[in-house]
Amino acid sequence: MIEIGKSGSADLTKFQDIISELKRRGAVVLIHRPTRWGYVVDAVIPSAKIVILKMPDISKQARVAVSQFRDLMSRLEGDGYQVVVIPKNRMSPEDIKAFCDRIAVEASLAAA
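Residues numbered from 1 in each chain as written. Predicted model: local features only at pLDDT ≥ 70, side-chain atom pairs only at ≥ 80, totals over all residues. Heavy atoms only, no water.

Asker: Explain the sheet that holds strand 2 (residues 40–45) here, please?
Answerer: Either a parallel or an antiparallel arrangement is found when strands of a sheet pair, and the pairing is made through backbone hydrogen bonds. Spatial strand order, 1-2-3-4: four strands in an open sheet with mixed pairing. For this open sheet the edge positions go to strand 1 (30–34) and strand 4 (82–86), each flanked by a neighbour on one side alone. Here the strands of the sheet are splayed against their neighbours by 40° on average, with no regard to which way each runs. Where strand 2 meets strand 3 (residues 50–54), three bridges bridge the pair, whose relative direction is antiparallel. Residue Ile-45 lies in a different strand from strand 3, and its bridge partner there is Ile-50. Running over the sheet, helix 2 (residues 62–78) touches strand 2, strand 3 and strand 4 and is turned about 175° from strand 3. (Pairing = 2+ DSSP bridges. Helix = DSSP H or I, 4+ residues; strand = E, 2+ residues; numbered from the N terminus. Axes fitted to C-alpha atoms, helices over the stretch in contact; angles between N-to-C directions. Contact = heavy atoms within 4.5 Å.)

Below, the structure written as structure tokens:
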């Protein structure tokens, strides 16, 4: 059994809180969706073409992780997706709401 450390657990909780807030606001959010390039995105709001990514863990193999992350972002943006990255730092409930507000604004601009 793999044990998730405190930071991994905190990141997972933060991600779940963000997704819950977006769903509460009526957004259809799909989780862990594969891309046509073999990557898996953390979440996508298909109607607004917004992809939500968690910051990768770059503590190991930093160059490879950063390179793959940049490649994924470039490919998504090339396909017309707005890419939003969840900050690595802690987020209070107010920070999560502000983050979701930013996504809501970007979703409404994309729909216009």
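There is more to say after this.
Asker: I would appreciate a short explanation of the nonpolar core in the present structure.
Answerer: One broad rule of soluble globular proteins: the nonpolar side chains tend to lie buried together. With 17 residues, the main nonpolar core has Ile-18, Leu-22, Ile-45, Ile-52 and Ile-103 as its most contacted residues. Aside from chain neighbours lying at most four places away, what touches Ile-52 is Leu-22, Asp-42, Ala-43, Ile-45, Val-84, Ile-86 and Ile-103. (Core = buried A, V, L, I, M, F, W, Y, C linked by side-chain atoms within 4.5 Å. Buried < 20%, exposed > 50% of the residue type's maximum accessible area, 1.4 Å probe, protein only.)

Asker: Even after reading the chapter, I still don't get the packing of aromatic side chains, so can you show me in this structure?
Answerer: Remark: the centre distance and the inter-plane angle together describe each pair of aromatic rings, the angle taken between the planes. Per the stated rule, a full pass over the model turns up zero aromatic pairs. Across from the ring centre of Tyr-81, 4.7 Å away, lies the NZ or CZ of Lys-49, which sits over that ring. In this arrangement the basic side chain of Lys-54 is found over the ring face of Phe-15, its NZ or CZ atom lying 4.6 Å from the centre. (Phe/Tyr/Trp six-rings, centres within 6.5 Å; stacked < 30°, edge-to-face > 60°. Lys NZ or Arg CZ within 6 Å of the ring centre and 35° of its normal.)

Asker: Just to check I follow, could you spell out helix 2 for this structure?
Answerer: Two residues of an α-helix separated by three or four positions point the same way, owing to the 3.6 residues in each turn. Look at helix 2: 24 Å from first C-alpha to last across 17 residues, which is about the 24 Å you get at 1.5 Å a residue. Among the residues making up helix 2, those that are buried are Ala-65, Phe-69, Leu-72, Met-73 and Leu-76. For helix 2, the arc enclosing every buried residue in end-on projection is 95°, short of the 170-degree limit, so these residues lie on one face. Opposite the buried face of helix 2, by more than 90 degrees, sit the exposed residues Arg-63, Arg-70 and Gly-78. (Expected span 1.5 Å × (residues − 1). Arc of directions from axis to C-beta.)

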